[in-house]
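# Inside the fold
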2 protein chains.
Amino acid sequence: MNKIKTDIAITKQLATLEPLIGRDRQSQNPDHVYLSFGSPDPNLFPVKAWRNATEEVLRTNVIDALQYAGGKGAERIKSWIIDRGKLRNLTLDEDQILITAGAAQAIDFTTRLLLNPDDEVWVEAPTYFFALQSFHLADANVQMIPMDAAGIDINYITEQLEDRVKNNKRIPKLLYLMPNFHNPTGKTLLLERRRQLAILARKYDFYIIEDDAYTEINFTEKHVPAIHSFAPERVLYIGTFSKVIAPGVRIGWIAATKFFIDKMKLFMLGPQTSPIVQEILGTMLEEFPIDPHVHELATTYRSKRDKMISDIQTYFGRTVTFHIPDGGFFIWLHLKEVVDPEDLLETAFNHGVSIVIGDSFYKEAPHRTCVRLCYSYCSEEQIERGIASLAKAYHSIIHNKNFHK
Amino acid sequence: MNKIKTDIAITKQLATLEPLIGRDRQSQNPDHVYLSFGSPDPNLFPVKAWRNATEEVLRTNVIDALQYAGGKGAERIKSWIIDRGKLRNLTLDEDQILITAGAAQAIDFTTRLLLNPDDEVWVEAPTYFFALQSFHLADANVQMIPMDAAGIDINYITEQLEDRVKNNKRIPKLLYLMPNFHNPTGKTLLLERRRQLAILARKYDFYIIEDDAYTEINFTEKHVPAIHSFAPERVLYIGTFSKVIAPGVRIGWIAATKFFIDKMKLFMLGPQTSPIVQEILGTMLEEFPIDPHVHELATTYRSKRDKMISDIQTYFGRTVTFHIPDGGFFIWLHLKEVVDPEDLLETAFNHGVSIVIGDSFYKEAPHRTCVRLCYSYCSEEQIERGIASLAKAYHSIIHNKNFHK
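Residues numbered from 1 in each chain as written. Chains lettered and ligands numbered in written order. Predicted model: local features only at pLDDT ≥ 70, side-chain atom pairs only at ≥ 80, totals over all residues.

### Section: the packing of helix α11 (residues 290-316) of chain A against helix α13 (residues 380-403) of chain A
Residue and element names in this part refer to chain A. At a minimum axis distance of 9 Å, the contact between α11 and α13 shows a crossing angle of 30°. As the angle between them shows, α11 and α13 are arranged roughly parallel. Once α11 is placed against α13, the crossing between them reads as right-handed. Listed contacts from α13 to Lys-304, Lys-307, Met-308, Asp-311, Ile-312, Tyr-315 and Phe-316 of α11 are Glu-380, Ile-383, Glu-384, Ile-387, Ala-388 and Ala-391. By residue class, the composition of the contact of α11 with α13 is eight nonpolar, no polar and five charged. (Axes fitted to C-alpha atoms, helices over the stretch in contact; angles between N-to-C directions. Helix = DSSP H or I, 4+ residues; strand = E, 2+ residues; numbered from the N terminus. Parallel < 35°, antiparallel > 145°, perpendicular 65-115°, else oblique. Left-handed = near helix turned anticlockwise from the far one by under 90°. Contact = placed C-beta atoms within 7 Å. Nonpolar A, V, L, I, M, F, W, Y, C, P; charged D, E, K, R; others polar.)

This is the structure in structure tokens:
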């Protein structure tokens, strides 16, 4: 009997996670707080600029937008990407950029380009769950690499690679990582480690996917050079407009060598990414004051981050630890006591707050309990109620646990 | 040394084809005629309805459109698909539909769901080149099945299947076909054969991808039931708004069992297809008078088809044969004498007309010379100039050939 391809892996983590990040499990309670949603604050969408650009396209360019090939949209978006990339020392030509349906399709295409079944891919521990899903779908062999406060552990990587060579073992094909405001930990990879990773990729002959989705949500004055800038032939760089403009735009990109870009275009099977949206976005970017906009994003999200940190201190006290992120959307909470993840999820939900359990970011459940909290989507008032409810849920579980001892 | 996955097949045909269907090879001559473009006539885009719907979304719903989840767009599009599907005897629930980035992504997802490397897939000879590319990318084993005037040769299929069973050989995993106004031949699959294919798929345990991209461009009063209606658990049905609304919309869909749909959702890695476009399209479809619209499409395209047929008769006379399509965009021209495809392409281009060479629709170059002509995109005046130029190019090649004999 013919079998449906059964290697479409759904990890237990993803199965657990889906209802919490989707809209399937919505509470009946209108006061329920979704610290699980990794979405931007819709109050920060540049609605006026989007509206104006849409109206301009309707007025001047609607036929191009409705045809396969589009008009000048793609070209304008690529110009913007090239220009903006200079902040991160990226040096790009138009033919080194592929516009994709969000960062999701960029992860999908780079995975399919590089990974054959059983190829080894290294990721940070923890890492983005949909990247994990992509590597599972490719039947790749995922290995998780420890992180410290400055990002992925470069000494561990170097030792592993030396060990592989010494013992005549296979080198991983690929390293996937998020150097800026990492999802879920919020950490930023040290400049010196970026340089070293580029050297290692060349020396040991592997590739790097540099997923830079959160780079524009930056609370500092600094822009750390991308790994891509140190080894452009080894690094496939992923960007997206989801956080800086809006997720509904569904436009992301891959920057890589022309050779790789041409290969990945084949996955499109002909047509390009939404011409309609590209015309609007391209028109909008022509005049969009990006600097004041990202300044506004940083100000608002930093304030929400600070509110969440202060609420965590108030309601959790010393029962948790976390890293203070310099950007992005997330705080990654380590609970001092290990609790059952499903129990925590359920109890928190019943207390009126949704979270994402840390297990979702690992290949195998870790020995400690972590929680990803998103401060971007909720209001400061919701953040406080959410953190208070989560603390109550956690403490009630601990209390019951101790009581039954 | 790590190798980039080298099995990303670029067939010679595709390499030849790319410049002609893309925008890479544009003539400097403003009078050049592109009978190669498989695009709709932009004069038929429902621009007013699109504009109104866009403005309504801007007015009432722009925040939903810009967020990951979107608003009611997806739901409205699915209702329309369910309702419209009844014309073709399709009985669908919402959870049996996946909205994709055009039919291209639908082909990609169904291929990745069903095909493991070396799995056998049967296709019509000739077939859509980007479906061929998708199967190549999946490392599948493609076999081409003959067609006659009533579509794919069902006797040939039946004999092949009986032979496989008798000789204890593997049954193909998948049959991919275009039952209505087939690309490139314009043929329609006989109702009785659809019923038989459904029976064979059940009996021999294979799956069918029913690519129905051209179904709305129908010059007859009849709607033939879809193969899906005879074996919904065996058939993955693909539809698209590219021909009936506009290609720039980049919205297609797959109709299949909930089990299959849930699996294919995983390929999205989280977010759904463009919420912005789905909000606009969903809003538009709510009030869009589809029947007068498809009537207008049929009237215009039928007239262009008739013009092309009459021009072929005028300029080619008896040196070609072709099938008269009852819908769709294409005429598939058999040239009576075999000529070198690259020579024909080049000579035609120099005479001011672009075409798609028949070889692109085959796994291996066939022993006869065919040409796909698209009558949808060009004006009737362009069609006449294009056909006249192509005939001149063909006859000059034949003349030279005979001269050098």
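### Examining helix α6 (residues 129-137) of chain A
All names here are of chain A. The buried fraction of α6 is high, at eight of nine residues. Turning to α6, its buried residues number three or more, namely Phe-129, Phe-130, Ala-131, Leu-132, Gln-133, Ser-134, Phe-135 and Leu-137. At the exit of α6 stands Asp-139, carrying a positive phi of roughly 60°. (Buried ≥ 20, exposed ≤ 12 C-beta atoms within 10 Å, placed from the backbone.)

### Observations concerning the sheet that holds strand β14 (residues 356-357) of chain B
Residues and elements named next belong to chain B. Pairing is antiparallel across the open sheet formed by four strands, whose spatial order is β11-β12-β15-β14. In the strand order of this sheet, the two ends are held by β11 (320-321) and β14, each with one partner. Bridge count for β14 against strand β15 (residues 369-374) is two bridges, and the pairing is antiparallel. Residue pairing in the sheet places Val-356 in a bridge with Arg-372 of β15. (Pairing = 2+ DSSP bridges.)

### Quick notes on the relation of the copies chain A and chain B
In the superposition of chain A on chain B (RMSD 0.0 Å, axial shift 0.0 Å), the rotation amounts to 180°. Here the transformation between the copies is reduced to the relation of a two-fold axis. (Least-squares fit on C-alpha atoms with pLDDT ≥ 70 in both.)

### A short note on the pairing of strand β2 (residues 97-100) of chain B
Residue and element names in this part refer to chain B. Here β2 shows two buried faces, one formed by Ile-97 and Ile-99 and the other by Leu-98 and Thr-100. Bridging between β2 and strand β10 (residues 252-255) involves four bridges; their strand directions are antiparallel. Across the sheet, residue Ile-99 finds its bridge partner in β10, namely Trp-253.

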